[in-house]
Amino acid sequence: MSVLRSAANLARVRECPGQHPRPPRCRRLAARALAVLGCALPLALAGEPRPPVFPALELGWENFDPGERLLAELHCTACHEAGSAVTGRLRPPPAPQLLTAGARLRPDFLRAWLASPLTTMPGTTMPDVLGVLSPAARAEAVEDLTHFLLALAPPPAATPPPGGGGELAFQQGRVLYHQSGCVACHAPFEPAARLFPHSVGAPTDPEGLRYALARLQDTSPALPDLAAKYRPGALAAFLANPLESRPAGRMPSLNLTAAETHALATYLNRVTAATAEPPAPPRAHPEGPAGGEPFPVDPERARRGQRLFAEVGCAACHAVEADGAPLPSRLRAPEWSALRADSPTGCLAPEPGPRAARYVLSAAQRTALRDTLQRRENLLQPPGPAQRVTHTLVALNCTACHARDGLGGPSPSRADYFTTLGEADLGDEGRLPPHLSSVGYKLRPDWLGQVLTNRAVVRPYLAVRMPQYGAAQVAHLALDFPASDGGEGDPAVPAGEFEAGRQLAGVEGGYGCIQCHRWGPYPALGVSVMDLTRMTARLRWPWFHAYLLDPPSLRPGTRMPAFWPDGRATVPNLLEGDAERQIAALWAYLARGTNAPLPPGLLTAPRAPAASPEDYE
């Protein structure tokens, strides 16, 4: 409801982009409003290739090799056979699934993408494999490949989206895009100060706004004209389940409802069309303006496209079937052991040879790759838990939201878009995701698994959502975090006095934990933060004990009071003021969860929860 209320309020603001109620004029008015207000982002222009964006590569992780991560993200071992030891260490991500590409993507986009991926999507990790062909030969190859891909799966019949693409959906999508986590990776379309007037530190002067937005665009993956890319309804379907077509998890699921996916798709279709440069030409091919009519596949072109798909190496990365069997790649690239980092005709050369794939890489990225290739014997060693953790955090850009060991976390300009749901002032704890330093020491492995793969959350006041990357990409972290951070095994927990713990949690002579923490379905007496009944299911005893003794040492800036400063109890009349006994008693009480009797001072009938029940599952 918070998003809906915000959307309704924003609908009344006439100065922001794309809000005119007449769709035929919306694109022109949106572009004009964006430009006049200094809100327009210079989206990566067609014809301007740029290196892929890997923000976390530059953070300077200890015992981390950027070239190793690049070898995986660029799928180098798909063409250069390296053996199971190297691929097991690199864990290259699976390529996008193409079996249903024709059902998702417009033929015009497929043609443009195949003809020039580096300019259609500046910053892509997809290489140009047709670059050595003459213009005429390339055009024929593109058409053959397009017919092959469209022959793999017929497009569905065009159906109007539920509820249409009205202004309320647009405004709801506008808030969702800038608030739920999209702008942690992608560039925003508007200044935070215009969307969220209370955002911290956001610039408000026109020059500052333009500079901040341009800088964010430089460090973000480009978004093309999405209405020109996706068939009707396909963008919403993609947002609902990105892992279905892109199993690598680089685009995760944000756990959107059907209404939210429709709203976000409505916003993105309109705003990316309004800011696209140059504007998309009219679509005159048989697909038609609605995008849902059948594309007349030429069987002979599709057969030629299938052969080409195997010959140029597409099948090395993308798994497709032909005639009931996996289509193998017929590209013959040098084996891993024969690669020369300084080859004048290889993929890393400024002018690759005729058989090499063409990437756009920065000088630093090329240097990192060459350095790693010169020490390739290191890749024969299996990675340890700490290395797997770091490589996963970098690969999935987890550090866009989370800091670990002082590295990462939202940059100041992006942090302005992280907000709190509700009216309570919780400071940065209420808007920024928690840091991951020693998280394996803090959280139980089973709870880590629930967060990573089963949508478990305990901070419903955070507007930004914890994404789901897929178990194949992140399930190992539930064990690697504890192994890396010293959180393996079940520590011995001292016996605690249950009834004393109950008294300590209440407000009648205790520490008043329920003033701020909710208790299952019962909101706190004041601001409702994390649920006390789930503490021992989430936390490990050593961290819980250390945190209660000195909260700022484990969470700098926290608003959690220090009830035992210097190890001395501030409630001296329970358990003789013994800090150790009191903390053990609280643990014993909380361990019973919702089966425990209520803390003293809490109402005996549930009140309306601060968020929907699924936020606590």
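Here, every reference points to the structure presented above.
Values in this document were obtained by computation on a predicted structure and should not be read as measured data.

Observations regarding the overall build of the protein chain
Across its full length, the protein chain holds 30 helices and four strands. Within the protein chain, the proportion of its 617 residues that are buried is 51%. A total accessible area of about 27700 Å² is found for the protein chain, and carbon and sulfur atoms account for 57% of it.

Some details on unusual backbone geometry
Positive phi is not limited to glycine here, since His75 has a value of about 60°. Checked against the element boundaries, His75 lands in the loop between α3 (66-73) and α4 (76-79). The phi dihedral of Arg455 is positive, around 65°, even though this residue is not glycine.

What about the packing of aromatic side chains?
Enumeration according to the criterion identifies 16 aromatic pairs in this entry. For the pair Phe109 and Trp113, a centre-to-centre distance of 6.2 Å together with 10° between the ring planes defines the contact as stacked. Of this pair, Phe109 and Trp113 both sit in helix α7 (residues 107-115), four residues apart, which is roughly one turn of that helix. Using a relative accessible area of 9% as the deciding quantity, one classes Phe109 as buried. Measuring from ring centre to ring centre gives 4.7 Å for Tyr511 and Trp564, while their planes differ by 55°; the resulting arrangement is tilted. On the criterion of sequence distance, the pair formed by Tyr511 in the loop between α26 (498-505) and α27 (535-538) and Trp564 in the loop between α29 (551-554) and α30 (579-590) is long-range, its members being 53 residues apart. The exposure class assigned to Tyr511 is buried, which follows from its relative accessible area of 7%. Taking relative accessible area as the criterion, Trp564 reaches 1% and is therefore assigned buried. Cluster of aromatic residues (ring-pair linked, three or more members): Phe170, Tyr177, Phe189 and Tyr267. For the cation-ring pair, Arg592 lies above Phe498, with the distance from its terminal atom to the ring centre recorded as 3.7 Å.

Observations regarding the pattern of salt bridges
When the charged atoms of two side chains with opposite charge come close together, those side chains can pair. For the coordinates displayed, the defined rule picks out 26 salt bridges. Here Asp128 ties to Arg138 by a salt bridge, and the two come within 3.3 Å at their closest N and O atoms. Of the two residues, Asp128 sits in the loop between α8 (117-120) and α9 (135-152) while Arg138 sits in helix α9, which places them 10 residues apart along the sequence. For the residue pair Asp128 and Arg138, the accessibility class agrees, reading buried in each case. Here Arg270 makes a salt bridge to Glu167, at a shortest N to O gap of 3.3 Å. In this pair, Arg270 is assigned in helix α16 (residues 258-275) and Glu167 in helix α10 (residues 167-179), connecting sequence segments 103 residues apart. The buried category is assigned to Arg270, whose relative accessible area is 16%.

Re the nonpolar core
Within the largest apolar cluster, 63 residues are counted, with the highest numbers of intra-cluster contacts made by Phe481, Tyr511, Trp519, Phe544 and Trp564. Within the residue set of this core, elements represented by two or more residues are α20 (385-395), α23 (445-453), α25 (477-485), α26, α28 (541-549) and α30. A total of eight residues in this core trace back to one element, the largest contributor, which is α30. Those residues within four positions of Phe481 in sequence are excluded, and the remaining contacts are Val389, Leu393, Arg404, Leu436, Val439, Gly440 and Leu448.

As for the side chain of Gln97
Considering the arrangement of structural elements, one finds Gln97 in the loop between α5 (84-90) and α6 (101-104). Within polar-contact distance, the side chain of Gln97 engages the backbone nitrogen of Thr100 at 3.1 Å. Beyond its immediate sequence surroundings of up to four residues, Gln97 is in contact with Arg104, Glu244, Ser245 and Pro247.

Definitions and limits used
Residues numbered from 1 in each chain as written. Predicted model: local features only at pLDDT ≥ 70, side-chain atom pairs only at ≥ 80, totals over all residues. Heavy atoms only, no water. Helix = DSSP H or I, 4+ residues; strand = E, 2+ residues; numbered from the N terminus. Buried < 20%, exposed > 50% of the residue type's maximum accessible area, 1.4 Å probe, protein only. Areas by Shrake-Rupley, 256 points an atom, 1.4 Å probe, with all protein chains shown as cover. Phe/Tyr/Trp six-rings, centres within 6.5 Å; stacked < 30°, edge-to-face > 60°. Lys NZ or Arg CZ within 6 Å of the ring centre and 35° of its normal. Salt bridge = Lys/Arg side-chain N within 4 Å of Asp/Glu carboxyl O. Core = buried A, V, L, I, M, F, W, Y, C linked by side-chain atoms within 4.5 Å. Contact = heavy atoms within 4.5 Å. Polar contact = N/O pair within 3.5 Å; in protein donor to acceptor, adjacent residues only side chain to side chain.

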